[in-house]
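# Residue-level structural notes
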Amino acid sequence: MKYFTRLRVRRVYKWRGEPLSFNRKLKTFEYGSLVISVDGLPRTTVINAGQHILIEGEDEDNPYVAKVIRLFGDESGKQKKAVVQWFVRVSEVPLSKLKLLGREPHPQEIFLYQGRSCDDEVNAESILRPVQVKHLDRAAPFPDSGDKDTLFVKLSWDSKTFRELESAAPVASPPPPTPPLPKPSLPPSPPRSPPTAAPAPARRALPTPDPAVMRRAASGEVRGGRATASAGKVGVTEAESLHLASRLSASKCSSARRRKAIARTPGVRKKLQLSSPEATTRQDILDEDRASEMMLAQRLSSSPPLTLRLTHSLTPLRKAGAATTPRAHRLTPLRKAHGAAVTAEDTAVPLEPDSRTPSARDDSTSPQQGDETEAELPTASGRTPRRRNATPRRNSSSSRGQKASTPSRQTEPNQREPGLTVLIEEDNENSPMLSAAAVTPRSSKRKSAQLVSSRIRKQLNLLENLQVLNSDGDDDEDEFVPSKKELQSSSDEEEEEEEGALESDEEEEVLSKKSRRAAAGSCTPRSKRKTTSTSARTPRKTPNKKIPPGTPRTPRHATPSIPSRSLPARRPGNVLEEARARLHVSSVPESLPCREQEFQDVYSFVESKIVDGTGGCMYISGVPGTGKTATVHEVMRCLQHAADVDEIPPFHFIEINGMKMTDPHQAYVQILQNLTGQKATADHAAALLEKRFSSAAPRKETTVLLVDELDLLWTRKQNVMYNLFDWPTRRHARLVVLTIANTMDLPERIMINRVASRLGLTRMSFQPYSFKQLQQIIMSRLNKVKAFEEDALQLVSRKVAALSGDARRCLDICRRATEICEHSPADPFSTGLVGMSHVMEALNEMFSSAYITAIRCASLQEQLFLRAVIAEFRRLGLEEATFQQVFVQHRALCRVEGLQPVSVSEGLAACQRLGACRLLLLEPSRLGVLQRVRLNVSQDDVLFALKDD
Amino acid sequence: MSKRTAKDAHLPVGECVTQVQDILRQRLCHQRLPDKPEGVESQHRHLLELLKRTAIHGESNSVLIVGPRGAGKTMLLKCVLRDLLEDKEAQKSLLQVHLNGLLQTDDRIALKEITRQLHLENVVGDKVFGSFAENLGFLLEALKKGDRSSSRPVLFILDEFDLFAHHKNQTLLYNLFDVSQSAQAPIAVVGITCRLDVLELLEKRVKSRFSHRQIHLLSSLTFTQYLERVRTQLSLPDGFPDSRFAQDWNDGVKTLCGDKSVEEVLQRHYNSSKDVRSLHMLLMLCLSRVSVAKPAIKPADLLEASRLCFADAKANMLHGLSILELCLIIAMKHLNDVYEGEPFNHQMVHNEFKKFLQRKSNSMYNFEQPVILKAFEHLQQLELIRPVDGSSAKTQREYQLMRLMLDHSQIMEALQKYPQCPTDVKQWAMSAFG
């Protein structure tokens, strides 16, 4: 999607006039104003210092707001920079902090940003366009203007508190020379002038929507509602995570939201293209409301009691009309009815600037831009005809909507509400289950709507182009559509129907479908590119799968999970159980003892990189069970905490594990998914990451990437490792890579020079724990739970330290010892603690090899065979013999022992049994008597085991 | 069955025999679990405790059950599960996933199977399951989301555990053990294997994550216990409808076990293997000889069954050969003796055979070369001889190097029993050198 928009609107940035001054030290020229022109269009936009602008951000439809302080460029003129004063939008302020405001924020309200964590120097080429910002007194009410492109500043925000603007006067923008930029400066384009807009509704007045479509839309809504309602848990967690995310940083908030939306609805995009911008803008507003504070439900219910009534009156009307309407008519929305009925209730729900932005930009690019862009973009023009026939209508409606001065435009936000309420009503009729809690489904629906709406905002850029694209096709819409319809195949009919429904009940349907998608979305990982490029075709799948209206749909959880148990897990009952729970490797200790130095090193490394906003690599090695991953996690927890209390800038922590992926190249996929929530194929993900890490973006956070089990990312060309270590060296990457593997010399052993060189020499090695450390670890885990005798602990730790120094092993042995202690018969002398004997038993169980016992427990013939093997080895002087040779010995031994001589198959069976236990190593059994036999145990062990008999 | 009105009701012998067959066959074919696992009480207790902790306390665990084939590993596990599921609490919460290394030959299949058995696939709905990577991510996600106290514990049973260790990177094992060692959904991983060296198969990180609990099933069964087991396996339960018949049958079994020849046979079996399965095989053969006409197991039945069990398949195959083929085998044996096991080809065998014809034979006459070649090829088809691995198919058939797949003892044994074997052939076989 991003590509499209980027491609479509290629802006050219030029300085206007001569440089004002030249800074010798920095070798920069300072300029007074910047000219932005869209490629191939005569119209230009001028940005002056002191003007408020929108800056391209992660959320394309909610660009950052800032005020230009200074504009400058370097000598060569290649780099254009701007020093800005940031403003934050309501949506960028963490929800939790929003409460500090003490009132409902105005959706168009922005706050002067006085935090320190943002770079105030931005690339001038990220400037989108100017915007109007009005400074208001704290007490002054927000003007009820319909102009959605004006933003209001009342307070400043320094990431902790809201403050009164220190001095409103200096910050206040000088009254713009031209009236508010987006709208008046850009007069409506000819094709969009009232005459064209007016006939459209007139034409549309005739047809009435098909009841089937209505019903479907409604049922779709029901389904959507149900899906979301049942997936309520998911929603809640999402809200929570959203909340969390928003705490991290304002900018991250929006991106997180978007990410989630992507994750949930890969398919939504296409739908969006189909949906009218009107719907999306409304959505947008809705969403904005919701995003700013979760009070929309109230607002909704408070705003139009009238709409409810209205919808009731509307519904039967539709149904009545429907009976006779042919399909062709179905296509048109009953917007007219809406429009007529709804204009009355003009509750001034403030129009949000964003919803306007597309149209504004649209206008700025004048009518012929449509053709231009179409020509520029083969993808856009190459759409399926279906798309086209869907869009003109939308376009006309939006063109109508664009005349913000007309009442219909302003009522749109309300219009949608009737639509919603209709659905809710029908919801209730269809599903008594939902009617019980009419509010909940709605809110959850809202939630889903909110989730997708950020997505929608992204779409706006595209849509606006489509509008333009189709604006001239508006007139011939009527003859165009039917002919198309005739051409369509039967399978397409359904789609057409779908589209009809879409058109007639745009917002409802879109909403419902979106929520449905949202529910199903994350289950179907679809590559992003696919979704975007296949345009209108792919999403059909989902609608086709629709179940007939009325039937309940099984809820689909967005993410799978093990079902939860009906009874809660029992808590540990006694000291031993308590100790066992604490000793389990999985229990996270309060602190990590014995790794203080390593902790310190890793912490300072990562912290310095985060603070400096640079990148780097670190390689951590150590044998398994020495606390490498645990230490890094601990560091991350601490850093996260530090970031939460604003000691260090916020950062993003991602973890991948070589063992948890099926192929080294999956690393890209996982990183990308963790970073942005996108799903992509490995190659595509690599490209996206490459782009992300090599391009500069304002307000970029540091990413800390933990790569566990690095050695498994080895490929023949080592490109995965190469990239992982190369990205941090990029200038704008801000990536810290921590890698973990077992071998100390991994870089030298498996990496080619250019990879090893990029990894650098920041190495750290975790030594195996010494017995004292192990003892300390157990003690700290037990944390004063007295379950072990001193000596017993020492024995365990000494034994483990001598063998491997693996803390996991140590804990496992202790755990086993508590079990043995628990089940050992109560000894009157014992203290009830785990003593030496228990620990010894556990150690024996875990460390002793079973070979000797196995030989002792083998049957007589098997034992004889083993003896025969040794005898034959001695005779041959080799450590290998064929079965035939051994068998001769075996028979001889049988005779000596006074047993009946064994047959070949009997001997072979004994041999195979020993082979299955791996006491013997055998060749494949198809070789029969010719297979070679070797011992898997030492001869001494065998003799020792057999001697006692 | 309908005649179960009176306890002492006499059923017709036929009815009784059918009942006996039913009951014992269920027992011997492993269709019914024993009420109590014998000889493995401590292991049973250990495993039961372990799984109970997972099911009830939500503690993650991993354990390996190791023992030779037929030692009762699966039986033990099944008994433990049966006992575990008697607990209502455990029954309600425990989820089970059964995997077998022979069926799930790679991680991809194993993951799909896990998803299926956990009923997670309906979450994905009608969507075709994605790639292996997505699968893995999906499952890990699912397990990660759980936590100790609220998720239902999952029991993973990996039969033929050693085969899972051969999967690429041991991804599945790593992830299962990793989950069992981290604060995710509680799982218990139970591996069943007969390989004693199974831990050496695990990669070091996988090994470190495994809890190193091993339950060894190494039966130190003595012969008296073995006899006792035979008796209990054959005895009828108390609930048998015709108590008189049951009494008679049980007495019969007791005397059978006391019989000297039977004891000898059983001793031989005991010496050969302590494996329960082979014992069941033997008893099954006896049982199949029980009929209405002979409603008891006689020592002769056991002897016959034992003879069948110990029969040498290859030697039996020799009985079906023609005299010519037998002669070729003998010629090969002599060649093996002369050249100390070096491979031979058809021409050498033919020459050896011709020498025999010239010198000693009076009953045999010379065959055409093609006839002999045909017989040679027949032996190859029976896999009594097989070509040497390295020899390519390029060489002429006559000169292709072969090895004899029989032991001398097998040949001699077959000759003894071969019907109407000419004496000169016998003598030729007995003679030291050609």
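Since the structure is predicted, the reported quantities are computational estimates derived from the model, not experimental observations.

Each helix and strand in chain A was counted, giving 43 helices and 22 strands. Considering only contacts within chain A whose residues lie at least 6 apart along the sequence, 76% involve residues at least 24 apart.

A count of helices and strands for chain B gives 22 helices and seven strands. Burial statistics for chain B: of 434 residues in total, 54% are counted as buried. Summing over all exposed atoms, chain B offers an accessible surface of approximately 19400 Å²; the carbon and sulfur share of this is 53%.

Right, let's talk about the pairing of strand S6 (residues 52-55) of chain A for a bit. Residues and elements named next belong to chain A. Neither face of S6 is open: one carries His52 and Leu54, the other Ile53 and Ile55, and all of them are buried. In this structure, S6 lies alongside strand S7 (residues 64-74), joined through four bridges in antiparallel fashion. The residue of S7 that forms the bridge with isoleucine 55 is tyrosine 64. Relative to strand S11 (residues 127-130), S6 runs antiparallel, the two being bridged by three bridges. When the sheet's bridge partners are listed, isoleucine 53 is paired in S11 with proline 130.

Moving on, we get to the side chain of serine 306 of chain B. Residues and elements named next belong to chain B. Mapped onto the elements, serine 306 comes out in helix H16 (residues 299-310). Looking at serine 306, the relative accessible area reads 6%, which means it is buried. When neighbours within four sequence positions are excluded, serine 306 is seen to be in contact with Val265, His269 and Leu282.

Here the focus is the pattern of salt bridges. All told, the structure shown has 42 salt bridges over all chains when counted by the stated rule. A salt bridge links glutamate 748 of chain A to arginine 763 of chain A, with the nearest nitrogen and oxygen atoms 3.1 Å apart. Taken as a pair, glutamate 748 of chain A in helix H33 (residues 746-750) and arginine 763 of chain A in strand S19 (residues 763-766) lie far apart in primary sequence, 15 residues in all. In this structure, arginine 815 of chain A engages glutamate 59 of chain B in a salt bridge whose closest nitrogen and oxygen atoms are separated by 2.7 Å. With arginine 815 of chain A in helix H37 (residues 807-823) and glutamate 59 of chain B in the loop between helix H2 (41-57) and strand S1 (61-66), this residue pair bridges two chains.

Bringing unusual backbone geometry into the picture now. Residue and element names in this part refer to chain B. Even without a glycine there, the phi angle at asparagine 169 is positive, about 60°. Here asparagine 169 shows up in the loop between helix H8 (161-164) and helix H9 (171-180). A residue is classified by how much of its surface remains accessible, and asparagine 169, at 30% relative accessible area, is partly exposed. A positive phi angle, near 55°, is found at glutamate 340, a position not held by glycine. Overall, glutamate 340 belongs to the exposed group, its relative accessible area being 70%.

A separate point is helix H21 (residues 408-417) of chain B. Among all positions in H21 of chain B, only Ser409, Gln410, Ile411, Ala414 and Leu415 of chain B are buried. Contacts made by the buried residues of H21 of chain B are with helix H41 (883-897) and helix H42 (904-916) of chain A together with helix H17 (313-318), helix H18 (323-339), strand S7 (402-404) and helix H22 (423-430) of chain B.

Residue and element names in this part refer to chain B. A complete count under the given rule lists 14 aromatic pairs over all chains for this structure. Between the aromatic rings of phenylalanine 223 and tyrosine 226, the centroid separation amounts to 6.3 Å while the plane-to-plane angle is 25°, which identifies the pairing as stacked. Residue phenylalanine 223 and its partner tyrosine 226 are located together in helix H12 (residues 223-234), separated by three residues, close to a single helical turn. By relative accessible area, which is 1% here, tyrosine 226 ends up buried. Ring centres of phenylalanine 356 and tryptophan 428 lie 4.0 Å apart, and the angle between their planes is 15°; this geometry places the pair in the stacked category.

All names here are of chain B. On average, residues of chain B score 86 in pLDDT, and 94% of them reach the 70 mark or higher. Confidence, expressed as mean pLDDT per element, reaches its minimum in chain B at helix H6 (residues 121-124) with 60 and its maximum at H8 with 94. This model gives residues 1-7 a pLDDT under 50, and the stretch forms nine contacts once residues within four places in sequence are excluded.

This part is about the confidence of the model for chain A. Residues and elements named next belong to chain A. For chain A, per-residue confidence averages 66 on the pLDDT scale, and residues scoring 70 or more make up 52% of the total. When mean pLDDT is compared element by element in chain A, helix H40 (residues 860-876) scores highest at 93, while helix H26 (residues 541-544) scores lowest at 36. Contacts for the low-pLDDT stretch residues 216-449, under 50 throughout, to residues beyond four places or in other chains number 539 contacts. This stretch, residues 460-558, has a pLDDT under 50; its non-local contacts, to residues over four places away or in other chains, come to 267 contacts.

On to the nonpolar core, then. Ranked by internal contacts, the top residues of the largest apolar core, which has 75 residues, are Phe883, Leu919 and Leu920 of chain A together with Leu173 and Leu202 of chain B. What leucine 920 of chain A contacts, discounting residues up to four positions off in sequence, is Phe865, Leu866, Val869, Cys911, Leu914, Gly915, Val933, Arg934, Leu935 and Asn936 of chain A. One finds Ala667, Tyr668, Phe693 and Leu705 of chain A within the second-largest nonpolar core, a separate group that totals 36 residues.

To describe two helices that pack against each other, one gives the angle between their axes and the distance between the axes. All names here are of chain B. For the pair H18 and helix H20 (residues 369-381), interaxial distance at closest approach is 9 Å and the crossing angle is 75°. Regarding the angle of H18 to H20, the classification is roughly perpendicular. Between H18 and H20, the contacting residues are Leu324, Glu325, Leu328, Ile329 and Met332 on the first element and Val371, Ile372, Ala375, Phe376, His378 and Leu379 on the second.

All names here are of chain A. One open sheet holds the three strands; their spatial order is S20-S22-S21, and the pairing between them is antiparallel. The open sheet has two free edges, formed respectively by strand S20 (881-882) and strand S21 (920-922), since each of these has just one partner strand. Pairing of S21 with strand S22 (residues 932-935) involves three bridges; the strand directions are antiparallel. Looking at S22, one finds that leucine 921 is bridged to arginine 934.

As a further point, take the interface of chain B and chain A. Listed by partner, the interface residues are 91 residues for chain B and 78 residues for chain A. A buried area of about 7300 Å², summed over both sides, lies between chain B and chain A, and 53% of it is on carbon and sulfur atoms. Contact with chain A buries area across many residues of chain B, yet Leu196, Arg205 and Asn271 of chain B alone supply 9% of it, more than any other trio. Inspection of the region where chain B meets chain A yields nine salt bridges. There are 29 residue pairs in polar contact (both at pLDDT 80 or more) connecting chain B and chain A. The dominant element in the side of chain B that touches chain A, judged by the number of residues it contributes, is helix H7 (residues 132-145) of chain B, at ten residues.

The terminal C-alpha atoms of H41 of chain A lie 20 Å apart, and with 15 residues this matches the ideal 21 Å at 1.5 Å per residue to within 8%. Every buried residue belonging to H41 of chain A is among Phe883, Gln884, Val886, Phe887, Gln889, His890, Arg891, Leu893 and Cys894 of chain A, and all of these are buried. Against H40, S20, H42 and S22 of chain A together with H21 of chain B lie the buried residues of H41 of chain A. Of the residues trailing H41 of chain A, glycine 898 of chain A is marked for its positive phi of about 75°.

With that settled, the discussion passes to the environment of serine 757 of chain A. Locating serine 757 of chain A in the fold gives a position in helix H34 (residues 753-759). For the pair serine 757 of chain A and phenylalanine 725 of chain A, spaced 32 residues apart in sequence, the C-alpha to C-alpha distance is 9.0 Å.

On to the sheet that holds strand S5 (residues 214-216) of chain B. Residue and element names in this part refer to chain B. Taking strand neighbours across the sheet as the criterion, the five strands line up as S2-S3-S4-S1-S5 in an open arrangement whose pairing is parallel. If you trace the sheet from one side to the other, it starts and ends with strand S2 (95-100) and S5, each paired once. Strand-to-strand twist of the sheet, defined as the mean angle between neighbouring strand axes without regard to direction, takes the value 15°. Where strand S3 (residues 154-159) and strand S4 (residues 187-193) come together, six bridges link them in parallel fashion. Following the sheet pairing, aspartate 159 is matched in S4 by isoleucine 192. Strands in contact with H9 are S1, S2, S3 and S4; relative to S4, the strand with the most contacts, it is inclined by about 135°.

So, about the pairing of strand S9 (residues 109-113) of chain A. Side-chain direction in a regular strand flips from residue to residue, so the side chains alternate between the two faces of the sheet. All names here are of chain A. Buried residues dominate S9, accounting for five of its five residues. One ladder, built from three bridges, connects strand S8 (residues 80-89) with S9; its direction is antiparallel. What sits directly across from valine 88, in S9, is phenylalanine 111.

Residues and elements named next belong to chain A. Within the secondary structure, phenylalanine 873 sits in helix H40. For the pair formed by phenylalanine 873 and arginine 934, sequence separation is 61 residues and the distance between their alpha carbons is 9.0 Å. With residues near it in sequence (within four places) discarded, phenylalanine 873 still touches Leu878, Glu879, Glu880, Ala881, Val933, Arg934, Leu935 and Gln939.

Residues and elements named next belong to chain A. Inspection of the secondary structure puts glutamine 939 in helix H43 (residues 939-947). Taking the relative accessible area as the measure of exposure, glutamine 939 reaches 17% and is therefore buried. C-alpha of glutamine 939 to C-alpha of valine 869: the two residues are 70 residues apart in sequence and 9.4 Å apart in space. Beyond its immediate stretch of four places on either side in the chain, glutamine 939 contacts Ile870, Phe873, Arg874 and Glu879. For glutamine 939, the side chain forms a polar contact with the side chain of glutamate 879, separated by 2.9 Å.

Definitions and limits used
- Residues numbered from 1 in each chain as written.
- Chains lettered and ligands numbered in written order.
- Predicted model: local features only at pLDDT ≥ 70, side-chain atom pairs only at ≥ 80, totals over all residues.
- Heavy atoms only, no water.
- Helix = DSSP H or I, 4+ residues; strand = E, 2+ residues; numbered from the N terminus.
- Contact = heavy atoms within 4.5 Å.
- Buried < 20%, exposed > 50% of the residue type's maximum accessible area, 1.4 Å probe, protein only.
- Areas by Shrake-Rupley, 256 points an atom, 1.4 Å probe, with all protein chains shown as cover.
- Pairing = 2+ DSSP bridges.
- Salt bridge = Lys/Arg side-chain N within 4 Å of Asp/Glu carboxyl O.
- Phe/Tyr/Trp six-rings, centres within 6.5 Å; stacked < 30°, edge-to-face > 60°.
- pLDDT = per-residue confidence, 0-100.
- Core = buried A, V, L, I, M, F, W, Y, C linked by side-chain atoms within 4.5 Å.
- Axes fitted to C-alpha atoms, helices over the stretch in contact; angles between N-to-C directions.
- Parallel < 35°, antiparallel > 145°, perpendicular 65-115°, else oblique.
- Buried area = accessible area lost by both parts, 1.4 Å probe.
- Polar contact = N/O pair within 3.5 Å; in protein donor to acceptor, adjacent residues only side chain to side chain.
- Expected span 1.5 Å × (residues − 1).

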